[in-house]
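Residue strings, one per chain:
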Amino acid sequence: MASIDIRRKHNLSVSEARKAVNKLAKSIAKEFDLDCSWEGNTLAFSRSGVDGHIALEKGEVHVYAQLGFLMGVMKPMIEQEIHRHLDEQIT
């Protein structure tokens, strides 16, 4: 099973980071048909073949996902999209 593990530093307040992650999640959820829900400062997401979370930590955003076999083939494209969205929303 493939996994994605991305950590990105930021200088945003938790509130600002949460807004940015919401934008990121909406975009990625639409593109990859994910179900998302907040649990504290962690946004959990899932769909067939994907389970993961985006955790807001002090000064850092942590994106983690376990990809099933079929989604694992798309790992480079998924990582590229996550990095692009983080560049747009978090920096």
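Residues numbered from 1 in each chain as written. Predicted model: local features only at pLDDT ≥ 70, side-chain atom pairs only at ≥ 80, totals over all residues. Heavy atoms only, no water.

1. Let's talk about the pattern of salt bridges
Should their charged atoms come close, side chains of opposite charge can pair.
Stage number 1. Within the structure shown, the criterion is met by 6 salt bridges.
Stage number 2. Notably, a salt bridge pairs Arg7 with Glu57, separated by 3.6 Å at the nearest N-O pair. Separated by 50 residues along the polypeptide, Arg7 in strand β1 (residues 2-9) and Glu57 in strand β4 (residues 50-57) bring together distant segments of the chain.
Stage number 3. Of the residues examined, Arg7 reaches a relative accessible area of 47% and is grouped as partly exposed.
Stage number 4. Note on Glu57: relative accessible area 32%, which makes it partly exposed.
Stage number 5. With a shortest N-O distance of 2.9 Å, Arg84 and Glu81 are connected by a salt bridge. In this pair, Arg84 and Glu81 are both assigned in helix α3 (residues 75-89), 3 residues apart and thus about one turn of the helix distant.
Stage number 6. When salt bridges with common partners are traced through the structure, they connect Arg7, Lys9, Glu57 and Glu60 into a single cluster. (Salt bridge = Lys/Arg side-chain N within 4 Å of Asp/Glu carboxyl O. Helix = DSSP H or I, 4+ residues; strand = E, 2+ residues; numbered from the N terminus. Buried < 20%, exposed > 50% of the residue type's maximum accessible area, 1.4 Å probe, protein only.)

2. Details of the packing of aromatic side chains
Stage number 1. Inspection of the entire model under this criterion finds 0 aromatic pairs.
Stage number 2. When the ring centre of Trp38 is taken as reference, the NZ or CZ atom of Arg18 above it lies at 3.9 Å. (Phe/Tyr/Trp six-rings, centres within 6.5 Å; stacked < 30°, edge-to-face > 60°. Lys NZ or Arg CZ within 6 Å of the ring centre and 35° of its normal.)

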